[in-house]
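Letter by letter, the chains look like this.
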Amino acid sequence: GIQVEQSPPDLILQEGANSTLRCNFSDSVNNLQWFHQNPWGQLINLFYIPSGTKQNGRLSATTVATERYSLLYISSSQTTDSGVYFCAVGEYGGATNKLIFGTGTLLAVQP
Amino acid sequence: DAGITQSPRYKITETGRQVTLMCHQTWSHSYMFWYRQDLGHGLRLIYYSAAADITDKGEVPDGYVVSRSKTENFPLTLESATRSQTSVYFCASSPGRHTEAFFGQGTRLTVV
């Protein structure tokens, strides 16, 4: 099955810094989502981005489907950005419509 | 409230007991899913449903049962709980194939 790898596994930032999180996947996908799991455990939808570029405030994401990777950019980080960021993909042609999750990037933003 | 809700949020049960986790969505989404989240394994699919009365196994279905008699509800039952089923369970829904999925708040289940 498709493999999803995220890097870095963890990251510590000072408030105000910028960061880039990467998601590599091993096969073609028809769905790619970025989630933020906050310290209370909730999975928050950030982007639905099977291809192209999107921006939402301080966050933006780019997926280059032909090269099998996606990037999540966080600018001017805040302590509320702390948590785990997951990339999840849907396998192209898959019958189940399921998402396959990466192992996540643990982000800690220090004041 | 609109959206997808899970209940209970926290549950402690004893080994061997039957437990049902509830999931309700108000969007009339066709697809619904159950995932479990464990350290070292990330999120893994337990069962999914493409529509009412249509369910199928995911990656880790053993020990679980699902039903979907109504579009909006997708309960997950642990027939005889084991300690290995201690986990955080997430329900999700999406409107169609290859569309954005939305997750509930999660249920933290501890089996003692």
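Residues numbered from 1 in each chain as written. Chains lettered and ligands numbered in written order. Predicted model: local features only at pLDDT ≥ 70, side-chain atom pairs only at ≥ 80, totals over all residues. Heavy atoms only, no water.

Student: Explanation requested: the sheet that holds strand S7 (residues 64–66) of chain B in the structure shown.
Tutor: Across a sheet, paired strands are connected by hydrogen bonds in the backbone, their directions being either parallel or antiparallel. Residues and elements named next belong to chain B. Spatially, the 4 strands line up as an open sheet ordered S1-S3-S8-S7, and their pairing is antiparallel. Of all strands in the sheet, those bounded by a partner on one side alone are strand S1 (4–7) and S7. Each strand axis lies, on average, 20° off the axis of its neighbour in the sheet, ignoring direction. One ladder, built from 3 bridges, connects strand S3 (residues 19–25) with strand S8 (residues 76–78); its direction is antiparallel. Looking at the pairing, Val19 lines up with Leu78 of S8. (Pairing = 2+ DSSP bridges. Helix = DSSP H or I, 4+ residues; strand = E, 2+ residues; numbered from the N terminus. Axes fitted to C-alpha atoms, helices over the stretch in contact; angles between N-to-C directions.)

Student: Would you take a moment to explain the interface of chain B and chain A for this structure?
Tutor: Quite often, the size of an interface is put as the accessible area lost when its parts meet. Between chain B and chain A, the residue contacts involve 18 residues of the former and 19 residues of the latter. Between chain B and chain A, the buried area comes to about 1,700 Å², and carbon and sulfur atoms account for 52% of it. If you look at where chain B meets chain A, you find 8 residue pairs in polar contact (both at pLDDT 80 or more). Counting only elements with at least two residues in the side of chain B that touches chain A, the list comes to strand S4 (31–38), strand S5 (42–51), strand S9 (87–94) and strand S10 (102–103) of chain B. (Contact = heavy atoms within 4.5 Å. Buried area = accessible area lost by both parts, 1.4 Å probe. Polar contact = N/O pair within 3.5 Å; in protein donor to acceptor, adjacent residues only side chain to side chain.)

Student: What is the right way to read the layout of surface pockets from this model?
Tutor: Left-over empty space is what a probe sized like a water molecule reveals as it rolls over the atoms. Considering only enclosed or pocket space, the largest pocket measures out at about 510 Å³ in volume. The wall of the largest pocket is formed by 23 residues, among which Gln37(A), Gln37(B), Leu39(B), Val88(B) and Arg108(B) lie closest to the centre. Sorting elements by how many residues they give to the lining of the largest pocket places S9(B) first, with 3 residues. Of the pockets and cavities examined, the second largest pocket occupies roughly 340 Å³. Considering the residues around the second largest pocket, the lining is formed by 19 residues, among which Ile2(A), Ile100(A), Phe101(A), Leu43(B) and Glu59(B) are closest to the centre. Where the lining of the second largest pocket is concerned, the elements lending two or more residues are strand S1 (4–7) and strand S10 (100–101) of chain A together with S5 of chain B. Per-element tally for the lining of the second largest pocket: the top contributor is S5(B), with 4 residues. (1 Å grid on protein atoms, 1.4 Å probe; cavity = no way out; pocket = protein on both sides within 12 Å on 5 of 7 lines; lining within 4 Å. Points joined across faces, edges and corners; volume = space filled by probe spheres on them.)

Student: Any chance you could explain unusual backbone geometry here in plain terms?
Tutor: A negative phi angle characterises most non-glycine residues, just as the trans form characterises most peptide bonds. Omega for the peptide link from Ser7(A) to Pro8(A) comes to -10°, which places this bond in the cis form. Relative to the assigned elements, Pro8(A) resides in the loop between S1 and strand S2 (10–14). Between Ser7(B) and Pro8(B) the backbone carries a cis peptide bond, its omega angle lying at -5°. Looking at where Pro8(B) falls in the secondary structure, it is placed in the loop between S1 and strand S2 (10–13). At Arg68(A), a position not held by glycine, the phi torsion is positive, near 60°.

Student: What exactly am I supposed to notice about the sheet that holds strand S6 (residues 52–56) of chain A here?
Tutor: Residues and elements named next belong to chain A. An order of S1-S3-S8-S7-S6 is seen for the 5 strands of this open sheet, with the pairing classed as antiparallel. At either margin of the open sheet sits one strand with a lone partner, and together these are S1 and S6. With direction set aside, neighbouring strand axes in the sheet form an average angle of 15°. Inspection of the sheet shows strand S7 (residues 59–64) paired to strand S8 (residues 69–74) by 6 bridges, in the antiparallel sense. Within the sheet, the bridge partner assigned to Val64 lies in S8 and is Tyr69.

Student: Looking at this structure, I do not really get the nonpolar core. What am I missing?
Tutor: A general tendency of soluble globular proteins is for nonpolar side chains to be buried together. Counting residues in each nonpolar core, the largest one holds 21 residues, and the members touching the most others are Phe25(A), Leu32(A), Trp34(A), Leu72(A), Cys87(A) and Val89(A). Those elements that place two or more of their residues in this core are strand S3 (19–25), strand S4 (29–37), S7, S8, strand S9 (83–91) and strand S11 (105–110) of chain A. Counting residues in each nonpolar core, the second largest holds 19 residues, with Phe74(B), Leu76(B), Cys91(B) and Leu109(B) among its members. (Core = buried A, V, L, I, M, F, W, Y, C linked by side-chain atoms within 4.5 Å. Buried < 20%, exposed > 50% of the residue type's maximum accessible area, 1.4 Å probe, protein only.)

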